[in-house]
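# Understanding the architecture of this molecule
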Amino acid sequence: MLKKSIEDALNKQLNAELYSSYLYLSMAAHCETIPMKGFAKWLRIQADEERAHGMKFFDYIIEAGGTVKLTKIDAPKTEWKSVGEVFDQVYEHEKKVTAMIHGLMDLAIKEKDYATINFLGWFVKEQVEEEANASEIQAQIKMMGDIVGHLFWLDHELGKRE
Ligand code: FEO
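Structure report, in brief. (Residues numbered from 1 in each chain as written. Predicted model: local features only at pLDDT ≥ 70, side-chain atom pairs only at ≥ 80, totals over all residues. Heavy atoms only, no water.)

If you check helix α4 (residues 114-143), its first and last C-alpha atoms are 44 Å apart, about what 30 residues at 1.5 Å a residue would give, namely 44 Å. At L120, α4 is bent by approximately 25 degrees, the largest bend along its length. Within the span of α4, buried status applies to T116, F119, L120, F123, E126, Q127, E130, A134, I137, Q138 and I141. Within two residues after α4, G145 carries a phi angle of roughly 50 degrees, on the positive side. (Helix = DSSP H or I, 4+ residues; strand = E, 2+ residues; numbered from the N terminus. Expected span 1.5 Å × (residues − 1). Bend = angle between axes of the 7 residues up to and from the residue. Buried < 20%, exposed > 50% of the residue type's maximum accessible area, 1.4 Å probe, protein only.)

With 28 residues, helix α3 (residues 83-110) extends 41 Å from end C-alpha to end C-alpha; this agrees with the ideal 40 Å at 1.5 Å per step. After α3 finishes, the residue K112 shows a positive phi value of roughly 55 degrees.

Time to look at the packing of α3 against α4. Relative orientation of the contacting elements α3 and α4 amounts to 160 degrees, with a least axis distance of 9 Å. Relative to α4, the element α3 is oriented roughly antiparallel. Judged by the twist between their axes, the crossing of α3 over α4 is left-handed. Of the residues in the contact of α3 with α4, the class split is 17 nonpolar, eight polar and six charged. (Axes fitted to C-alpha atoms, helices over the stretch in contact; angles between N-to-C directions. Parallel < 35°, antiparallel > 145°, perpendicular 65-115°, else oblique. Left-handed = near helix turned anticlockwise from the far one by under 90°. Nonpolar A, V, L, I, M, F, W, Y, C, P; charged D, E, K, R; others polar.)

Moving on, we get to the packing of aromatic side chains. All chains considered together, the criterion is met by seven aromatic pairs. Seen in terms of ring centroids, F39 and F87 are 5.7 Å apart; in terms of plane orientation they differ by 55 degrees. Their pairing is tilted. One end of the pair, F39, is in helix α2 (residues 37-63); the other, F87, is in helix α3, with 48 residues separating them in the sequence. Judged by centre distance (4.5 Å) and plane angle (40 degrees), the ring pair of F57 and F123 falls under tilted. A residue pair is termed long-range when its members are at least 10 positions apart, and F57 in helix α2 and F123 in helix α4 qualify at 66 residues. Note on accessibility: F57 and F123 belong to one class, buried. Each member of the aromatic cluster is reached from another via a ring pair, and the members are F57, Y60, F119, W122 and F123. Here R161 stacks its cationic end above the ring of W42, 4.6 Å away from the centre of that ring. (Phe/Tyr/Trp six-rings, centres within 6.5 Å; stacked < 30°, edge-to-face > 60°. Lys NZ or Arg CZ within 6 Å of the ring centre and 35° of its normal.)

Counting 24 residues, the largest nonpolar core has M27, F39, L43, F87, V90 and I141 as the members making the most contacts within it. Mapped by element, the contributors of at least two residues to this core are α1 (4-33), α2, α3, α4 and α5 (148-158). When residues no more than four places from it in sequence are discounted, the contact partners of V90 are Y24, M27, L43 and A134. (Core = buried A, V, L, I, M, F, W, Y, C linked by side-chain atoms within 4.5 Å. Contact = heavy atoms within 4.5 Å.)

Let us now look at the environment of I34. Position of I34 relative to the elements: it lies in the loop between α1 and α2. Sequence separation of I34 and R44 is ten residues, and the distance between their C-alpha atoms is 15 Å.

Another point: the packing of α1 against α3. Closest axis-to-axis distance for the α1/α3 pair is 11 Å, and the angle between their directions is 170 degrees. Taken together, α1 and α3 sit at an angle that is classed as roughly antiparallel.

Moving on: the environment of L14. You can see L14 is positioned in helix α1. Residues L14 and E162 lie 148 residues apart in sequence; the distance between their C-alpha atoms is 24 Å. Not counting residues within four places of it along the chain, the set of residues in contact with L14 comprises G54, F57, F58, I61, V68 and L70.

Taken by themselves, the reported measurements are silent on function.
Put into structure tokens, the structure is as follows:
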């Protein structure tokens, strides 16, 4: 059985993962209209991944004997100045998510909830990859200095994501 404090924190993270999905889907929609179809495809797949992250929390809460409480998902912004700004914000957002996961881990340790500590281990590792991917794309965009031809090459590369 989950303690109330852990159940509440897990539900909050479930909401945060669904918000991440919503945010990246909004970024994907923006990139579709620029149009930067490769960036859009990468972000659309990322949005699917974030929903899958949310579902891991959904399943774990139920399996651990808790109650899933879905709450309102904030509306993400819809406009960005450039793909550079989009990926600056992806990276910043992932750093925020990492801090949230670490906060959850701190709570699970404080409460001596060993099952939740074990469950969260996957997310601690996943966030290393999430930050690395976002910062790599951010750096590539910066290196290309918003030269349109080069950005189209990067757009093509990101469009290969499966
Ligand atoms: Fe679910 Fe990108 O962190």
